[in-house]
Amino acid sequence: MDDRILILDYGSQFTQLIARRIRELRVYCEIHPPTTSADWVRAWRPRGIVLSGGPASVYGADVPTLPVDLLELGVPVLGGCYGMQLIAQHRGGRVEPGRREYGRAEIELHRASELFFGFETGERIAVWASHGDHVNTPPRDFELLASTADLPVAAFGAPTAGLYGVQFHPEVAHTPRGTEIWANFVLRICGCEPTWTPGSFIEESVARIRAETGTEQVICGLSGGVDSSVAAALVHRAVQDRLTCIFVDTGLLRKGERDSVERAFRRELGSRLVVVDASAQFLERLAGVAEPEEKRRRIGETFIRVFEQSVQGAGRSAGFLVQGTLYPDVIESQSVRGPSAVIKTHHNVGGLPRDMKFRLVEPLRELFKDEVRHVGRELGLSEELVGRHPFPGPGLAIRVLGEITTERLDLLRDADAIYLEEIRAAGLYDDIWQAFAVLLPVRSVGVMGDARTYENVVALRAVTSRDGMTADWFPFPHEVLGRISNRIINEVAGVNRVVYDVSSKPPATIEWE
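A brief structural summary.

Calculation notes
Note on numbering: residues in each chain are counted from 1, in written sequence order. Totals for whole chains, interfaces and linings use every residue, but because this is a predicted model, local features are given only for residues with pLDDT of at least 70 and side-chain atom pairs only at 80 or more, for both listing and counting. Only hydrogens and water are set aside; all other atoms, that is, all heavy atoms of the structure, feed into the side-chain values. Numbering of helices and strands runs from the N terminus; a helix is a DSSP stretch of H or I covering at least four residues, while a strand is a stretch of E covering at least two. Note on definitions: a residue-residue contact is assigned when non-hydrogen atoms from the two residues lie within 4.5 Å. Pairing between strands requires that DSSP locate at least two bridges from one strand to the other.

## Points about unusual backbone geometry
Line of reasoning, step 1. Of note, the bond from K505 into P506 is cis; its omega dihedral lies within 30 degrees of zero at -15 degrees.
Line of reasoning, step 2. Counting through the fold element by element, P506 comes out in the segment after β18 (495-500).
Line of reasoning, step 3. Following P506, the chain continues into P507 via a peptide bond in cis, with omega recorded as 15 degrees.
Line of reasoning, step 4. Looking at the secondary structure, you find P507 in the segment after β18.
Line of reasoning, step 5. The backbone phi angle of D62 is positive, close to 55 degrees, even though this residue is not glycine.

What follows is the structure, given as structure tokens:
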């Protein structure tokens, strides 16, 4: 892959949005920490480098900085916010505190350089700012490209050196012409060709998987969701009959999930399928456990043990385990990409036992969810399968808040089935990124049949999103919510109250645990 962009993450809340904008231009990019060495960058051979924003001050103590000699590699660099200030500091400019700008701002262009190709000198452009420090004086030999009413240097550049900086965030939707700025940097300044497509990804992945697995047997942990199904289809194209898919009934699945997954898999994927009922084993391991991270850890470990036992039982010696891990899973599970904080452990990233016998194959590890769907369509999977809402690996264990019991799981399964049935009946399923019910660890007083009740509370969650990194709650018509609530309370014994979650991500996450 010759055309690719490297993003160094200094802890900005918008770093993943930068990756999204670049990939929307059909150019591959990756996010890595600022501790990455210049030698590694040189060997990785990016066509351009982006320095993200971040919460630190460049003049502070023990703050992330530039890899040594990064600006001397001869590769174009664009710094945003903190990244711009790093460039200024390293090239002799002056960065100062104050001049804060948060939210909408307006820049005035002083020079329509390559970074602002298609814009007019003197034009005023709406942007989104979020900073407390600013560049007061640009480095020598840098041109002043833009300013705001309160900010003397809103953008600068040294075209001959390929170095540029902007004090605002072109990656967010509130910078309306931000996509043009990214296209100018990635396509014009860096010279990348927009060739990273689902087809090219499949071609490269197949070659890599074949080289990685050699002649060994491969197993895939199939959940029936979009991620594991696309991963299975991609690996099957690479290794053919060396792949065995194992579907584990953990006892944590939605109502009717096992039967529907088996039908869809045998109809569409065509590789060997082994179905294992390990529900008793999972429920035993989760008995008495209420803490979310401990649930995830135990589920991840049990998955691996079940796979090891299943492979032995099938008489096959597999060296590789395929998982449908996605980029958001990696980003949220561990802080290996930069100063960004750990959000939660995903069972298939941070919850795996260290002594497992398999080597992992994670062909989707650097993809966002919408990119996975595009790859699935390119592989010929049906829209019924590719368009399914995400379902977490730990299943209902993280939707039954508190202790897991068979009775609580069955109650949630019934409520969740009604919820999804009504969403489909209202024609809203495809408008929603993810929808599910949550059983809360509280009881509430109610009245049924003129008698006092003290029963369970079910929360409903439905969000819109593009890639799962950010999300907003879905605005159901009131009559649809009313119908869902009425059916759950009337048809699910043990529930007397239904509530709807209207929080966004951030500050909440999509799942409750």
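There is more to say, and it comes next.
## A short note on the environment of L439
Line of reasoning, step 1. Residue position: L439 is located in strand β15 (residues 434-448).
Line of reasoning, step 2. Sequence separation between L439 and F474 is 35 residues; the distance between their C-alpha atoms is 19 Å.
Line of reasoning, step 3. Those residues in contact with L439 that lie beyond four places of it in its chain are R399, V400, L401, R408, L411, L412, N456, V457 and V458.

## Details of the pairing of strand β16 (residues 451-464)
Line of reasoning, step 1. In terms of strand pairing, β15 meets β16 through 12 bridges, oriented antiparallel. When the bridges of β16 are listed, G446 appears paired with T453.
Line of reasoning, step 2. Following β15, the chain reverses through 2 residues before pairing antiparallel with β16; G449 in that reversal takes a positive phi of roughly 60 degrees.
Line of reasoning, step 3. Sheet topology places β16 next to β18; 5 bridges connect them, and they run parallel. The partner of L460 across the bridge, within β18, is Y500.
Line of reasoning, step 4. Here β16 runs beside strand β17 (residues 472-473); their pairing, made up of 2 bridges, is antiparallel. Bridge pairing in β17 links V463 to W473.

Function cannot be inferred from these measures alone, as they are strictly geometric.
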